[in-house]
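# Survey of secondary and tertiary structure
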Amino acid sequence: YTRGTVTAFSPFDARADAEALRKAMKGMGTDEETVLKILTSRNNAQRQEIASAFKTLFGRDLVDDLKKELTGKFETLMVSLMRPAYIFDAHALKHAIKGAGTNEKVLTEILASRTPAEVQQIKQVYLQEYEANLEDKITGETSGHFQRMLVVLLQANRDPDVGIDEGLVEQDAQVLFRAGELKWGTDEEKFITILGTRSISHLRRVFDKYMTISGFQIEETIDRETSGDLEKLLLAVVKCIRSVPAYFAETLYYSMKGAGTDDDTLIRVMVSRSEIDLLDIRREFRKNFAKSLYQMIQKDTSGDYRKALLLLCGGDDE
């Protein structure tokens, strides 16, 4: 069961697709249209089969050819689509913590939104692919409470969703109230422990109870009581606990709103959610931003890049 816009293509013929792609990129000029139509309408597993057929038939690496023949954001998008799904997050994290300056936005987005099972998988893949420990890499590049919250999320030990203990709901809400609104200075550790380890259904009740006790949404308190990277991470965690699709709808909206587009974020979210919950993200987008995701992409991008994103988006929600 998936709420993705991209599903397995049928009838699928990896060799025929490989041949069509080779033809599209051979000789003078590239037929981008063929490339984008094939790659956006096959799911990730099928794209891997196409790459393997491409190598078998032509002795060439499909990703290398795409990099040679395409340019700019369109190239980035096509190459991202070709990345094996289980490597996608590990690769994004690797690039977020390499070289000068860490991309906190990527760390926040991925670690706040992935399930514990997904985080475990990311850690394993990271170790296999890069022969390095993801937690060590992240702690080496971050500090303070931001680092501690990331480490808690990396443990992937969130309580399972089984039954709600109203007494504990009340207690957690009170602890958060005392750690934030009632305290001179904030006890960030309490926020980190509770938001990082309690079950999703428990925390949704805690947020309701918190509102009753304090008169504030938990987001308002985090906004006032914390700042910088920690604030952004705690807010992302709270939003994902409320609704992962709503969190990504907002992420996409802000990647395109205003002057200039944050194409890295736009590509990362469209590709990584295309087989998971992009239909739900579209619905939340329409509900919360008075326009459809399709319309916003159309307005904000151009050329083959736009065509490919619109195909991934999969339709307009009037």
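Here is what the cut-offs are and how they apply
Residues numbered from 1 in each chain as written. Predicted model: local features only at pLDDT ≥ 70, side-chain atom pairs only at ≥ 80, totals over all residues. Heavy atoms only, no water. UniProt positions renumbered as here; feature names shortened; annotations may be inferred. Helix = DSSP H or I, 4+ residues; strand = E, 2+ residues; numbered from the N terminus. Rg over C-alpha atoms; globule rule 2.2 N^0.38 Å. Buried < 20%, exposed > 50% of the residue type's maximum accessible area, 1.4 Å probe, protein only. Contact = heavy atoms within 4.5 Å. Lys, Arg positive; Asp, Glu negative; His and termini not counted. Charge placed at Lys NZ, Arg CZ, Asp CG, Glu CD. Phe/Tyr/Trp six-rings, centres within 6.5 Å; stacked < 30°, edge-to-face > 60°. Lys NZ or Arg CZ within 6 Å of the ring centre and 35° of its normal. Core = buried A, V, L, I, M, F, W, Y, C linked by side-chain atoms within 4.5 Å. Salt bridge = Lys/Arg side-chain N within 4 Å of Asp/Glu carboxyl O. Polar contact = N/O pair within 3.5 Å; in protein donor to acceptor, adjacent residues only side chain to side chain. Disulfide = S-S within 2.5 Å. Axes fitted to C-alpha atoms, helices over the stretch in contact; angles between N-to-C directions. Parallel < 35°, antiparallel > 145°, perpendicular 65-115°, else oblique. Left-handed = near helix turned anticlockwise from the far one by under 90°. Nonpolar A, V, L, I, M, F, W, Y, C, P; charged D, E, K, R; others polar.

For the chain, an unreviewed UniProt entry supplies the name Annexin and the organism Pachyramphus minor. For the record of the chain, the UniProt heading Sequence similarities (unreviewed entry) holds the text "Belongs to the annexin family."

Helix and strand counts for the chain stand at 20 helices and zero strands. Against the globule reference of 20 Å for 318 residues, the chain gives a C-alpha radius of gyration of 21 Å, in line with a compact fold. Principal axes of the C-alpha set define a box for the chain whose edges measure 70 × 45 × 40 Å. Counting across all 318 residues of the chain, residues that qualify as buried make up 48%. Across the chain, contacts joining residues at least 24 apart in sequence account for 71% of those joining residues at least 6 apart. Between the averaged position of the 44 positive side-chain charges in the chain and that of its 51 negative side-chain charges there is a distance of 3 Å.

Right, let's get into the packing of aromatic side chains. With the rule as written, the count across this model stands at eight aromatic pairs. With a centroid separation of 6.0 Å and 65° between ring planes, the pair formed by Tyr 253 and Phe 285 is classed as edge-to-face. Of the two residues, Tyr 253 is situated in helix H16 (residues 244-256) and Phe 285 in helix H18 (residues 278-289); the sequence distance between them amounts to 32 residues. In this structure Phe 285 comes out as buried when scored by relative accessible area, which is 0%. Cation over ring: Arg 42 sits above Phe 9, and NZ or CZ is 3.7 Å from the ring centre. Above the plane of the ring of Phe 216 lies Arg 224, whose end atom (NZ or CZ) is 4.3 Å from the centre.

Turning our eyes to something else, we now look at the environment of Ser 52. For Ser 52, the position within the fold is in helix H3 (residues 44-58). C-alpha separation for the pair Ser 52 and Arg 15, spaced 37 residues apart in sequence, amounts to 9.0 Å.

Met 78, Leu 195 and Met 270 are the most contacted members of the largest nonpolar core, which totals 98 residues. Filtering out sequence-adjacent residues up to four positions away, Met 78 remains in contact with Val 35, Leu 36, Leu 39, Thr 40, Leu 70 and Ala 308.

Turning our eyes to something else, we now look at the environment of Arg 3. Counting through the fold element by element, Arg 3 comes out in the segment before helix H1 (14-25). Those residues in contact with Arg 3 that sit more than four places away from it in its chain are Ile 276, Asp 277, Leu 278, Leu 279, Asp 280 and Arg 283.

As a further point, take the pattern of salt bridges. On inspection of all chains with the given rule, the structure shows 24 salt bridges. Linking Arg 273 and Asp 277 is a salt bridge whose minimum nitrogen-to-oxygen distance equals 3.0 Å. As far as burial versus exposure is concerned, Arg 273 and Asp 277 are alike and both buried. Note that Arg 282 and Asp 317 form a salt bridge whose closest N and O atoms lie 3.0 Å from each other. In this pair, Arg 282 sits in helix H18 while Asp 317 sits in the segment after helix H20 (303-313), placing the two residues 35 residues apart along the sequence. Under the relative-accessibility criterion, Arg 282 is labelled buried at 8%.

If you trace the backbone, Thr 142 turns up in the loop between helix H9 (134-141) and helix H10 (144-155). The exposure class of Thr 142 is buried, given its relative accessible area of 11%. Of note is the side chain of Thr 142, whose polar atom sits 2.7 Å from the backbone oxygen of Ile 138. Once residues within four sequence positions are removed from consideration, Thr 142 is found in contact with Leu 107, Gln 147 and Leu 150.

Turning next to the environment of Leu 77. Among the secondary structure elements, Leu 77 is positioned in helix H5 (residues 72-82). For the pair Leu 77 and Phe 88, spaced eleven residues apart in sequence, the C-alpha separation works out to 12 Å. Beyond its immediate sequence surroundings of up to four residues, Leu 77 is in contact with Ile 267, Val 271, Tyr 305, Ala 308, Leu 309 and Leu 312.

Tallied over the entire structure, the rule returns zero disulfides. Cys 313 supplies the cysteine sulfur nearest to Cys 240, a cysteine that is in no disulfide, at a spacing of 20 Å.

Where H16 contacts H18, the axes come no closer than 8 Å and their chain directions differ by 65°. One way to sum up the angle between H16 and H18 is to call them roughly perpendicular. Seen from above, H16 lies across H18 with right-handed handedness. Facing H16, whose interface residues are Pro 245, Ala 246, Phe 248, Ala 249, Glu 250, Leu 252 and Tyr 253, H18 presents Asp 280, Ile 281, Glu 284, Phe 285 and Phe 289. Looking at the contact of H16 with H18 residue by residue, the class counts come to nine nonpolar, no polar and three charged.

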